[in-house]
Amino acid sequence: MKRFKMNAADKEQRIEAADVLKGIALIGILLMNMPDFYSPASYYDNNLMNGSRMSYVANGLVDIVIGQTGYALLAILFGFGFMKMFQRTYERQVSFTPFYVRRMTALLLVGAIHAVFIWHGDMIVIYSFFALIMLFFQEAKKEVLLAWGTGIFSIYAVIMIVILTVAALVNEGDTAAGIHQPIIDQALQVYGHGSFASIFHQRLLDWYYAYNLNTVPFLFLSLFPLFLLGGFMAKSEWFEEIEEYIVETKWLCLISFIVYAASSVLPYVLDHNVATSYIHDTIGGTAGAIFVVTLVTLAMRSVSIRKIMQPFALLGRMILTNYIVQSIVCTFLFYSYGLGYYGHISIVEGLAIAGIIIFIQLLGSWIWMSLFSDGPLEKLIRDATYGPGR
(Lines give C-alpha, C1' and ligand atoms only; values in the text may rest on other atoms or scores of the structure.)
Protein backbone atom coordinates (compact mmCIF):
# COMPACT_ATOMS: atom_id res chain seq x y z
CA MET A 1 0.00 0.00 0.00
CA LYS A 2 1.21 3.47 -0.84
CA ARG A 3 2.54 5.44 2.12
CA PHE A 4 2.43 9.18 2.59
CA LYS A 5 1.71 11.66 5.35
CA MET A 6 -1.86 12.49 6.18
CA ASN A 7 -3.22 15.82 7.22
CA ALA A 8 -5.27 15.26 10.38
CA ALA A 9 -7.93 17.67 9.15
CA ASP A 10 -8.54 15.40 6.13
CA LYS A 11 -8.93 12.26 8.13
CA GLU A 12 -11.37 13.11 10.86
CA GLN A 13 -14.57 14.50 9.49
CA ARG A 14 -16.78 14.83 12.51
CA ILE A 15 -20.00 12.90 12.89
CA GLU A 16 -21.98 14.99 15.32
CA ALA A 17 -24.16 12.13 16.57
CA ALA A 18 -21.02 10.23 17.61
CA ASP A 19 -19.79 13.28 19.54
CA VAL A 20 -23.16 13.59 21.29
CA LEU A 21 -22.97 9.91 22.26
CA LYS A 22 -19.47 10.45 23.67
CA GLY A 23 -20.83 13.27 25.82
CA ILE A 24 -23.71 11.11 27.06
CA ALA A 25 -21.32 8.22 27.79
CA LEU A 26 -19.05 10.55 29.79
CA ILE A 27 -21.98 11.74 31.92
CA GLY A 28 -23.17 8.19 32.56
CA ILE A 29 -19.68 7.04 33.51
CA LEU A 30 -19.21 9.90 35.99
CA LEU A 31 -22.54 9.20 37.68
CA MET A 32 -21.63 5.52 38.05
CA ASN A 33 -18.06 6.31 39.15
CA MET A 34 -18.99 8.81 41.86
CA PRO A 35 -19.48 6.31 44.73
CA ASP A 36 -16.05 4.84 43.96
CA PHE A 37 -14.48 8.28 44.13
CA TYR A 38 -15.73 9.06 47.64
CA SER A 39 -15.98 5.56 49.14
CA PRO A 40 -14.62 2.00 48.74
CA ALA A 41 -17.69 1.11 46.65
CA SER A 42 -15.72 -1.50 44.68
CA TYR A 43 -15.77 -3.72 47.74
CA TYR A 44 -19.45 -3.65 48.59
CA ASP A 45 -22.91 -3.45 47.12
CA ASN A 46 -24.56 -0.08 47.79
CA ASN A 47 -27.86 -1.89 48.27
CA LEU A 48 -26.42 -3.66 51.32
CA MET A 49 -25.24 -0.56 53.12
CA ASN A 50 -27.15 1.33 55.76
CA GLY A 51 -28.32 4.77 54.79
CA SER A 52 -31.31 7.06 54.50
CA ARG A 53 -34.31 6.12 52.41
CA MET A 54 -33.46 8.99 50.07
CA SER A 55 -29.96 7.60 49.51
CA TYR A 56 -31.36 4.14 48.85
CA VAL A 57 -33.86 5.53 46.32
CA ALA A 58 -31.21 7.71 44.65
CA ASN A 59 -28.83 4.77 44.35
CA GLY A 60 -31.58 2.60 42.91
CA LEU A 61 -32.59 5.21 40.34
CA VAL A 62 -29.01 5.67 39.13
CA ASP A 63 -28.49 1.93 39.07
CA ILE A 64 -31.69 1.31 37.09
CA VAL A 65 -31.60 4.28 34.71
CA ILE A 66 -27.86 4.40 34.02
CA GLY A 67 -26.28 1.15 35.21
CA GLN A 68 -23.38 0.07 33.02
CA THR A 69 -24.75 1.81 29.92
CA GLY A 70 -21.95 4.40 29.82
CA TYR A 71 -19.21 1.76 29.69
CA ALA A 72 -21.01 -0.26 27.01
CA LEU A 73 -21.67 2.87 24.97
CA LEU A 74 -18.01 3.85 25.12
CA ALA A 75 -16.99 0.39 23.87
CA ILE A 76 -19.26 0.80 20.84
CA LEU A 77 -17.78 4.24 20.17
CA PHE A 78 -14.22 2.91 20.43
CA GLY A 79 -15.01 0.31 17.77
CA PHE A 80 -16.78 2.88 15.64
CA GLY A 81 -13.84 5.28 15.84
CA PHE A 82 -11.39 2.51 14.97
CA MET A 83 -13.24 1.55 11.81
CA LYS A 84 -13.84 5.14 10.71
CA MET A 85 -10.14 5.87 11.05
CA PHE A 86 -9.32 2.73 9.05
CA GLN A 87 -11.79 3.63 6.29
CA ARG A 88 -10.45 7.16 5.88
CA THR A 89 -6.84 6.11 5.77
CA TYR A 90 -7.61 3.26 3.37
CA GLU A 91 -9.49 5.58 1.01
CA ARG A 92 -6.41 7.78 0.83
CA GLN A 93 -4.11 4.78 0.33
CA VAL A 94 -2.34 5.40 3.61
CA SER A 95 -0.88 2.65 5.79
CA PHE A 96 -3.33 2.50 8.69
CA THR A 97 -1.63 0.33 11.31
CA PRO A 98 1.30 2.67 12.21
CA PHE A 99 -1.08 5.57 12.82
CA TYR A 100 -3.43 3.48 14.89
CA VAL A 101 -0.72 1.82 16.97
CA ARG A 102 0.74 5.24 17.79
CA ARG A 103 -2.70 6.50 18.76
CA MET A 104 -3.47 3.57 21.05
CA THR A 105 0.03 3.62 22.54
CA ALA A 106 -0.44 7.28 23.43
CA LEU A 107 -3.83 6.49 24.98
CA LEU A 108 -2.31 3.60 26.92
CA LEU A 109 0.33 5.91 28.36
CA VAL A 110 -2.27 8.50 29.36
CA GLY A 111 -4.36 5.75 30.93
CA ALA A 112 -1.38 4.29 32.80
CA ILE A 113 -0.49 7.70 34.25
CA HIS A 114 -4.14 8.20 35.21
CA ALA A 115 -4.40 4.77 36.88
CA VAL A 116 -1.11 4.96 38.76
CA PHE A 117 -1.04 8.60 39.85
CA ILE A 118 -4.65 9.83 39.86
CA TRP A 119 -7.44 7.25 40.18
CA HIS A 120 -7.56 3.46 40.28
CA GLY A 121 -10.86 3.27 38.36
CA ASP A 122 -9.18 4.09 35.04
CA MET A 123 -10.72 2.38 32.02
CA ILE A 124 -8.49 3.89 29.31
CA VAL A 125 -5.82 1.19 29.63
CA ILE A 126 -8.18 -1.76 29.20
CA TYR A 127 -10.20 -0.10 26.41
CA SER A 128 -7.03 0.82 24.53
CA PHE A 129 -5.78 -2.74 24.82
CA PHE A 130 -9.07 -4.12 23.48
CA ALA A 131 -9.01 -1.52 20.71
CA LEU A 132 -5.61 -2.79 19.55
CA ILE A 133 -7.15 -6.25 19.07
CA MET A 134 -9.51 -4.63 16.55
CA LEU A 135 -6.54 -4.55 14.16
CA PHE A 136 -7.30 -8.21 13.39
CA PHE A 137 -10.71 -7.13 12.10
CA GLN A 138 -9.72 -4.02 10.13
CA GLU A 139 -10.59 -5.53 6.74
CA ALA A 140 -13.51 -7.68 7.88
CA LYS A 141 -16.82 -7.23 6.11
CA LYS A 142 -19.63 -5.67 8.07
CA GLU A 143 -21.51 -8.97 8.15
CA VAL A 144 -18.47 -10.65 9.70
CA LEU A 145 -18.18 -7.95 12.36
CA LEU A 146 -21.85 -8.30 13.24
CA ALA A 147 -21.69 -12.10 13.31
CA TRP A 148 -18.59 -12.19 15.53
CA GLY A 149 -19.92 -9.51 17.85
CA THR A 150 -23.38 -10.97 18.36
CA GLY A 151 -22.01 -14.52 18.43
CA ILE A 152 -19.39 -13.94 21.13
CA PHE A 153 -21.74 -11.85 23.24
CA SER A 154 -24.71 -14.21 22.96
CA ILE A 155 -22.79 -17.42 23.68
CA TYR A 156 -20.96 -15.85 26.62
CA ALA A 157 -24.16 -14.33 28.02
CA VAL A 158 -26.10 -17.61 27.85
CA ILE A 159 -23.29 -19.55 29.53
CA MET A 160 -22.89 -16.95 32.29
CA ILE A 161 -26.62 -16.71 32.97
CA VAL A 162 -26.91 -20.49 33.31
CA ILE A 163 -23.85 -20.76 35.58
CA LEU A 164 -24.80 -17.81 37.76
CA THR A 165 -28.43 -18.87 38.03
CA VAL A 166 -27.33 -22.28 39.29
CA ALA A 167 -24.92 -20.59 41.69
CA ALA A 168 -27.68 -18.31 42.95
CA LEU A 169 -30.03 -21.25 43.52
CA VAL A 170 -27.36 -23.31 45.29
CA ASN A 171 -26.45 -20.36 47.51
CA GLU A 172 -29.99 -19.08 47.95
CA GLY A 173 -30.11 -16.21 50.38
CA ASP A 174 -26.57 -15.05 49.63
CA THR A 175 -26.17 -11.53 48.27
CA ALA A 176 -24.68 -10.51 44.95
CA ALA A 177 -21.65 -8.99 46.60
CA GLY A 178 -20.33 -9.44 50.08
CA ILE A 179 -18.91 -6.77 52.34
CA HIS A 180 -15.13 -7.05 52.64
CA GLN A 181 -14.88 -5.14 55.90
CA PRO A 182 -11.09 -5.26 56.49
CA ILE A 183 -10.42 -3.98 52.95
CA ILE A 184 -13.11 -1.32 53.32
CA ASP A 185 -11.59 -0.13 56.60
CA GLN A 186 -8.15 0.02 55.02
CA ALA A 187 -9.40 2.08 52.06
CA LEU A 188 -11.27 4.48 54.35
CA GLN A 189 -8.15 5.00 56.43
CA VAL A 190 -5.71 5.36 53.54
CA TYR A 191 -7.73 7.56 51.18
CA GLY A 192 -9.24 9.61 53.97
CA HIS A 193 -6.17 10.08 56.17
CA GLY A 194 -3.11 8.50 54.54
CA SER A 195 -0.02 10.00 52.98
CA PHE A 196 0.43 10.37 49.23
CA ALA A 197 2.72 7.33 49.27
CA SER A 198 0.17 5.14 51.06
CA ILE A 199 -2.56 6.33 48.68
CA PHE A 200 -0.28 5.46 45.75
CA HIS A 201 0.09 1.92 47.09
CA GLN A 202 -3.64 1.56 47.80
CA ARG A 203 -4.44 2.83 44.31
CA LEU A 204 -2.34 0.08 42.75
CA LEU A 205 -4.05 -2.55 44.90
CA ASP A 206 -7.49 -1.28 43.94
CA TRP A 207 -6.60 -1.16 40.24
CA TYR A 208 -5.35 -4.75 40.37
CA TYR A 209 -8.54 -5.79 42.17
CA ALA A 210 -10.56 -4.59 39.16
CA TYR A 211 -8.15 -5.61 36.37
CA ASN A 212 -6.34 -8.91 36.87
CA LEU A 213 -6.01 -12.27 35.16
CA ASN A 214 -9.29 -13.39 36.73
CA THR A 215 -11.36 -10.38 35.67
CA VAL A 216 -9.91 -9.22 32.32
CA PRO A 217 -11.06 -12.28 30.30
CA PHE A 218 -14.63 -11.70 31.48
CA LEU A 219 -14.37 -8.00 30.67
CA PHE A 220 -13.10 -8.90 27.21
CA LEU A 221 -16.00 -11.24 26.50
CA SER A 222 -18.47 -8.59 27.71
CA LEU A 223 -16.95 -5.53 26.02
CA PHE A 224 -15.05 -6.61 22.92
CA PRO A 225 -18.24 -7.70 21.08
CA LEU A 226 -19.39 -4.10 21.45
CA PHE A 227 -16.18 -2.89 19.79
CA LEU A 228 -17.11 -5.16 16.88
CA LEU A 229 -20.65 -3.76 16.88
CA GLY A 230 -19.20 -0.25 16.65
CA GLY A 231 -17.07 -1.38 13.72
CA PHE A 232 -20.18 -2.79 12.05
CA MET A 233 -21.95 0.56 12.48
CA ALA A 234 -19.04 2.39 10.86
CA LYS A 235 -18.88 0.04 7.87
CA SER A 236 -22.65 0.26 7.49
CA GLU A 237 -22.42 4.08 7.58
CA TRP A 238 -25.14 3.95 10.21
CA PHE A 239 -25.16 7.64 11.04
CA GLU A 240 -24.59 8.93 7.51
CA GLU A 241 -27.21 6.70 5.86
CA ILE A 242 -29.77 6.60 8.66
CA GLU A 243 -32.70 7.00 6.24
CA GLU A 244 -31.82 3.65 4.67
CA TYR A 245 -32.01 1.96 8.06
CA ILE A 246 -34.89 3.97 9.50
CA VAL A 247 -37.34 1.07 9.98
CA GLU A 248 -34.70 -1.25 11.43
CA THR A 249 -33.46 1.53 13.71
CA LYS A 250 -36.93 2.24 15.09
CA TRP A 251 -37.54 -1.45 15.81
CA LEU A 252 -34.10 -1.84 17.37
CA CYS A 253 -34.73 1.23 19.53
CA LEU A 254 -38.00 -0.25 20.83
CA ILE A 255 -36.68 -3.77 21.42
CA SER A 256 -33.47 -2.57 23.10
CA PHE A 257 -35.49 -0.31 25.39
CA ILE A 258 -37.70 -3.22 26.48
CA VAL A 259 -34.67 -5.45 27.17
CA TYR A 260 -32.85 -2.57 28.90
CA ALA A 261 -35.83 -1.73 31.13
CA ALA A 262 -36.56 -5.36 32.03
CA SER A 263 -32.92 -6.19 32.78
CA SER A 264 -32.35 -3.03 34.81
CA VAL A 265 -35.23 -3.58 37.22
CA LEU A 266 -34.70 -7.35 37.53
CA PRO A 267 -32.57 -7.28 40.74
CA TYR A 268 -35.16 -5.01 42.37
CA VAL A 269 -38.20 -7.02 41.26
CA LEU A 270 -36.76 -10.47 41.96
CA ASP A 271 -33.80 -11.27 44.19
CA HIS A 272 -30.54 -9.32 44.22
CA ASN A 273 -28.08 -12.12 43.49
CA VAL A 274 -25.16 -12.90 41.17
CA ALA A 275 -27.42 -13.92 38.28
CA THR A 276 -29.75 -10.91 38.34
CA SER A 277 -26.78 -8.60 38.88
CA TYR A 278 -25.05 -10.02 35.80
CA ILE A 279 -28.20 -9.60 33.70
CA HIS A 280 -28.57 -6.05 35.04
CA ASP A 281 -24.96 -5.07 34.33
CA THR A 282 -24.12 -6.88 31.11
CA ILE A 283 -27.44 -7.45 29.33
CA GLY A 284 -29.03 -4.27 30.63
CA GLY A 285 -25.93 -2.16 30.04
CA THR A 286 -25.54 -3.40 26.46
CA ALA A 287 -29.24 -3.02 25.64
CA GLY A 288 -29.16 0.45 27.23
CA ALA A 289 -26.22 1.46 25.05
CA ILE A 290 -27.96 0.23 21.90
CA PHE A 291 -31.12 2.07 22.96
CA VAL A 292 -29.19 5.33 23.46
CA VAL A 293 -27.39 4.95 20.10
CA THR A 294 -30.60 4.34 18.18
CA LEU A 295 -32.56 7.03 20.03
CA VAL A 296 -29.88 9.68 19.47
CA THR A 297 -29.49 8.65 15.83
CA LEU A 298 -33.21 9.06 15.25
CA ALA A 299 -33.43 12.30 17.24
CA MET A 300 -30.46 13.93 15.49
CA ARG A 301 -32.39 13.90 12.22
CA SER A 302 -34.18 16.96 13.59
CA VAL A 303 -32.42 20.31 13.22
CA SER A 304 -33.89 21.61 16.48
CA ILE A 305 -32.71 18.52 18.38
CA ARG A 306 -29.22 18.91 16.92
CA LYS A 307 -29.09 22.45 18.29
CA ILE A 308 -30.24 21.29 21.73
CA MET A 309 -27.64 18.51 21.76
CA GLN A 310 -24.77 20.76 20.66
CA PRO A 311 -23.38 21.21 24.23
CA PHE A 312 -23.20 17.42 24.60
CA ALA A 313 -21.38 17.16 21.29
CA LEU A 314 -18.78 19.68 22.51
CA LEU A 315 -18.48 17.76 25.78
CA GLY A 316 -17.91 14.60 23.76
CA ARG A 317 -15.27 16.18 21.54
CA MET A 318 -13.22 16.71 24.71
CA ILE A 319 -14.10 13.35 26.27
CA LEU A 320 -10.52 12.39 27.20
CA THR A 321 -9.69 15.74 28.76
CA ASN A 322 -13.01 15.90 30.59
CA TYR A 323 -12.64 12.32 31.87
CA ILE A 324 -9.19 13.01 33.33
CA VAL A 325 -10.33 16.34 34.80
CA GLN A 326 -13.22 14.57 36.54
CA SER A 327 -10.74 12.27 38.25
CA ILE A 328 -8.42 15.11 39.26
CA VAL A 329 -11.28 17.16 40.70
CA CYS A 330 -12.92 14.25 42.54
CA THR A 331 -9.72 12.86 44.05
CA PHE A 332 -8.82 16.37 45.23
CA LEU A 333 -12.24 16.73 46.84
CA PHE A 334 -12.19 13.36 48.57
CA TYR A 335 -8.59 12.22 49.17
CA SER A 336 -6.51 13.26 52.16
CA TYR A 337 -4.03 15.26 50.05
CA GLY A 338 -7.00 17.43 49.06
CA LEU A 339 -10.09 18.31 51.06
CA GLY A 340 -10.34 14.83 52.60
CA TYR A 341 -14.07 14.13 52.35
CA TYR A 342 -13.53 10.44 51.56
CA GLY A 343 -16.08 8.32 53.40
CA HIS A 344 -18.13 11.35 54.46
CA ILE A 345 -20.31 11.83 51.37
CA SER A 346 -23.80 10.40 50.93
CA ILE A 347 -25.10 9.12 47.62
CA VAL A 348 -27.37 12.15 47.22
CA GLU A 349 -24.49 14.53 47.93
CA GLY A 350 -22.32 12.61 45.48
CA LEU A 351 -24.93 12.98 42.76
CA ALA A 352 -25.19 16.71 43.48
CA ILE A 353 -21.41 17.08 43.15
CA ALA A 354 -21.51 15.10 39.89
CA GLY A 355 -24.25 17.40 38.59
CA ILE A 356 -22.14 20.47 39.34
CA ILE A 357 -19.09 18.94 37.63
CA ILE A 358 -21.15 18.06 34.54
CA PHE A 359 -22.60 21.57 34.32
CA ILE A 360 -19.16 23.19 34.63
CA GLN A 361 -17.72 20.83 32.02
CA LEU A 362 -20.55 21.52 29.59
CA LEU A 363 -19.87 25.24 29.97
CA GLY A 364 -16.09 24.81 29.92
CA SER A 365 -16.18 22.62 26.80
CA TRP A 366 -18.31 25.21 24.99
CA ILE A 367 -15.86 27.98 25.88
CA TRP A 368 -12.76 25.92 25.03
CA MET A 369 -14.09 24.63 21.71
CA SER A 370 -15.06 28.15 20.67
CA LEU A 371 -11.37 29.06 20.95
CA PHE A 372 -9.58 25.85 19.91
CA SER A 373 -10.19 22.95 17.55
CA ASP A 374 -9.25 20.24 20.09
CA GLY A 375 -9.17 19.65 23.80
CA PRO A 376 -5.69 19.67 25.41
CA LEU A 377 -5.34 15.90 25.72
CA GLU A 378 -7.09 15.33 22.40
CA LYS A 379 -4.44 17.49 20.76
CA LEU A 380 -1.73 15.52 22.55
CA ILE A 381 -3.14 12.25 21.16
CA ARG A 382 -3.52 13.78 17.71
CA ASP A 383 0.09 15.00 17.69
CA ALA A 384 1.29 11.59 18.88
CA THR A 385 -0.70 9.95 16.08
CA TYR A 386 0.06 12.16 13.09
CA GLY A 387 2.94 14.28 14.22
CA PRO A 388 3.01 17.80 15.75
CA GLY A 389 1.09 20.47 13.91
CA ARG A 390 -0.72 18.12 11.53
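Reading the values: rules and limits
- Residues numbered from 1 in each chain as written.
- Predicted model: local features only at pLDDT ≥ 70, side-chain atom pairs only at ≥ 80, totals over all residues.
- Heavy atoms only, no water.
- Phe/Tyr/Trp six-rings, centres within 6.5 Å; stacked < 30°, edge-to-face > 60°.
- Helix = DSSP H or I, 4+ residues; strand = E, 2+ residues; numbered from the N terminus.
- Buried < 20%, exposed > 50% of the residue type's maximum accessible area, 1.4 Å probe, protein only.
- Expected span 1.5 Å × (residues − 1).
- Contact = heavy atoms within 4.5 Å.
- Axes fitted to C-alpha atoms, helices over the stretch in contact; angles between N-to-C directions.
- Parallel < 35°, antiparallel > 145°, perpendicular 65-115°, else oblique.
- Left-handed = near helix turned anticlockwise from the far one by under 90°.
- Nonpolar A, V, L, I, M, F, W, Y, C, P; charged D, E, K, R; others polar.
- pLDDT = per-residue confidence, 0-100.
- Patch = residues over 30% accessible without salt bridge, like charges linked within 9 Å, V, L, I, M, F, W, Y side chains within 5 Å.
- Areas by Shrake-Rupley, 256 points an atom, 1.4 Å probe, with all protein chains shown as cover.
- Salt bridge = Lys/Arg side-chain N within 4 Å of Asp/Glu carboxyl O.
- Core = buried A, V, L, I, M, F, W, Y, C linked by side-chain atoms within 4.5 Å.

1. Brief notes about the packing of aromatic side chains
Then, number 1: Within the structure shown, the criterion is met by 32 aromatic pairs.
Then, number 2: Aromatic pair Y127 and F227: ring centres 5.9 Å apart, planes at 50°, arrangement tilted. Highlighted residues: Y127 in helix α6 (residues 124-133) and F227 in helix α10 (residues 216-235), separated in sequence by 100 residues. For the pair shown, Y127 and F227 are each scored as buried.
Then, number 3: Look at W368 and F372: their rings are 4.5 Å apart centre to centre, the planes differ by 35°, and that puts the pair in the tilted class.
Then, number 4: Assessed through its relative accessible area of 30%, W368 is described here as partly exposed.
Then, number 5: Classification of F372 by relative accessible area gives partly exposed; the value is 44%.
Then, number 6: Members of the aromatic cluster, joined through ring pairs, are F78, Y127, F129, F130, F137, W148, F220, F224 and F227.

2. Side note on helix α16 (residues 347-371)
Then, number 1: In a regular helix each residue adds 1.5 Å, so 25 residues correspond to 36 Å; α16 covers 36 Å between its end C-alpha atoms and thus fits that length.
Then, number 2: By the burial criterion, the buried members of α16 are I347, G350, A354, I357, I358, Q361, L362, S365 and M369.
Then, number 3: Contacts from the buried residues of α16 go to α2 (16-38), α3 (53-65), α14 (310-317) and α15 (319-334).

3. With respect to the packing of helix α4 (residues 69-91) against α6
Then, number 1: One can describe the packing of α4 onto α6 by two numbers: an axis separation of 10 Å at closest approach and a directional angle of 40°. Taken together, the axes of α4 and α6 lie oblique to each other. Our pair here, α4 against α6, has a crossing hand that is right-handed. Between α4 and α6, the contacting residues are Y71, A72, L74, A75, F78 and F82 on the first element and Y127, S128 and A131 on the second.
Then, number 2: Within the contact of α4 with α6, the residues separate by chemical class into eight nonpolar, one polar and no charged.

4. Notes on the environment of A17
Then, number 1: Counting through the fold element by element, A17 comes out in helix α2.
Then, number 2: In this structure A17 comes out as buried when scored by relative accessible area, which is 9%.
Then, number 3: Residues A17 and G316, 299 residues apart in the sequence, show an inter-C-alpha distance of 9.9 Å.
Then, number 4: Discounting residues that sit within four places of it in the chain, A17 has contacts with F239, V296 and M300.

5. Things to note about the confidence of the model for the protein chain
Then, number 1: Overall, the predicted model of the protein chain reaches an average pLDDT of 88, with 92% of residues at or above 70.
Then, number 2: Of all secondary-structure elements in the protein chain, the lowest mean pLDDT belongs to helix α1 (residues 8-11), at 37, while α15 reaches the highest, 97.
Then, number 3: This model gives residues 1-13 a pLDDT under 50, and the stretch forms 35 contacts once residues within four places in sequence are excluded.
Then, number 4: In this model residues 173-178 is a low-confidence stretch, pLDDT under 50, and it forms 13 contacts with partners more than four residues away in sequence or in other chains.

6. A closer look at helix α11 (residues 246-269)
Then, number 1: Compared with an ideal rise of 1.5 Å per residue, which puts 24 residues at 34 Å, α11 spans 34 Å between its outermost C-alpha atoms and is within 8% of the ideal.
Then, number 2: Among all positions in α11, only I246, T249, C253, S256, Y260, S263, S264, L266 and P267 are buried.
Then, number 3: Looking at the packing, one finds that the buried side of α11 touches α3, α4 and α12 (274-299).

7. Brief notes about a nonpolar patch on the surface
Then, number 1: A grouping of I356, F359, I360, L363, W366, I367, W368, L371 and F372 is seen on the molecular surface, where their side chains present a nonpolar patch of about 970 Å² in accessible area.
Then, number 2: By secondary structure assignment, the location of L363 is in helix α16.
Then, number 3: Judged by its relative accessible area of 43%, L363 falls in the partly exposed class.

8. Here's the deal with the pattern of salt bridges
Then, number 1: Going through the model one piece at a time under the given rule, you end up with six salt bridges.
Then, number 2: Among the salt bridges present, the one from E243 reaches R301, with a minimum N-O distance of 2.9 Å. Residue E243 is found in the loop between α10 and α11, and its partner R301 is found in the loop between α12 and α13 (303-308); the two are separated by 58 residues along the sequence.
Then, number 3: Across the pair R382 and D374 runs a salt bridge whose closest N-O atoms are separated by 3.3 Å. As far as burial versus exposure is concerned, R382 and D374 are alike and both buried.

9. A word on the nonpolar core
Then, number 1: Core analysis: the largest hydrophobic core is formed by 100 residues, its most contacted members being Y127, F227, F239 and F334.
Then, number 2: Core analysis: the second largest hydrophobic core is formed by 11 residues, A157, M160, Y278 and I279 among them.

10. Quick look at the packing of α15 against α16
Then, number 1: In contact at an axis separation of 11 Å, α15 and α16 are set at 140° when each is read in the N-to-C sense. The orientation of α15 relative to α16 falls into the category oblique. The two elements α15 and α16 meet at a crossing, and its hand is right-handed. Where α15 approaches α16, its residues N322, V325, Q326, V329, C330, L333 and F334 are matched on the opposing element by I353, I357, Q361 and S365.
Then, number 2: Of the residues assigned to the contact of α15 with α16, the class counts are seven nonpolar, four polar and no charged.

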